[in-house]
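# Descriptive structure summary
Okay, here's what each chain looks like letter by letter:
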Amino acid sequence: MSILSGLALIWPVYPWAVDLTPYVLGLPFSFAWTVGWLVVVFIALVLLYRADEPDPAD
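Residues numbered from 1 in each chain as written. Predicted model: local features only at pLDDT ≥ 70, side-chain atom pairs only at ≥ 80, totals over all residues. Heavy atoms only, no water.

Next up on the list: the overall build of the protein chain. Helix and strand counts for the protein chain come out as 3 helices and 2 strands. The buried share among the 58 residues of the protein chain stands at 12%. A total accessible area of about 5,000 Å² is found for the protein chain, and carbon and sulfur atoms account for 73% of it. (Helix = DSSP H or I, 4+ residues; strand = E, 2+ residues; numbered from the N terminus. Buried < 20%, exposed > 50% of the residue type's maximum accessible area, 1.4 Å probe, protein only. Areas by Shrake-Rupley, 256 points an atom, 1.4 Å probe, with all protein chains shown as cover.)

Encoded structure:
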């Protein structure tokens, strides 16, 4: 997951994806792209933490 998110934020994916100039929720697309990936990584880490949580019976 970290490799995918890292590639999405660096060359060549980032310039290809953020070449657009629209606004997303009032943010320029390039900023919304970065914030979106931060949200995706955060959710993935929360899910990983929940899946790897130790059993309280132990």
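A separate point is unusual backbone geometry. Unlike most non-glycine residues, L25 shows phi in positive territory, near 50°. Relative to the elements of secondary structure, L25 occurs in the loop between β1 (23–24) and β2 (27–28). Exposure remark for L25: the relative accessible area of 85% places this residue in the exposed category.

Here we come to helix α3 (residues 29–51). The end-to-end C-alpha distance of α3 is 33 Å, a good match for the 33 Å that 23 residues give at a rise of 1.5 Å each. Three or more residues of α3 are buried, namely F29, A32 and W37. (Expected span 1.5 Å × (residues − 1).)

Our focus in this paragraph is a nonpolar patch on the surface. On the surface, F31, V35, V39, F42, I43, V46 and L47 cluster together into a nonpolar patch covering about 630 Å² of accessible area. Here V35 shows up in helix α3. By relative accessible area, V35 is classed as partly exposed at 31%. (Patch = residues over 30% accessible without salt bridge, like charges linked within 9 Å, V, L, I, M, F, W, Y side chains within 5 Å. Salt bridge = Lys/Arg side-chain N within 4 Å of Asp/Glu carboxyl O.)

This next bit is on the environment of P22. Tracing the backbone shows P22 in the loop between α2 (13–17) and β1. The contact partners of P22, leaving out residues within four places of it in the chain, are L27, P28 and F29. (Contact = heavy atoms within 4.5 Å.)

To continue, consider the confidence of the model for the protein chain. Model confidence for the protein chain is summarised by a mean pLDDT of 77, while 67% of its residues fall at 70 or above. Taken element by element, the protein chain is modelled with least confidence in α2, mean pLDDT 64, and with most confidence in α3, mean pLDDT 87. (pLDDT = per-residue confidence, 0-100.)

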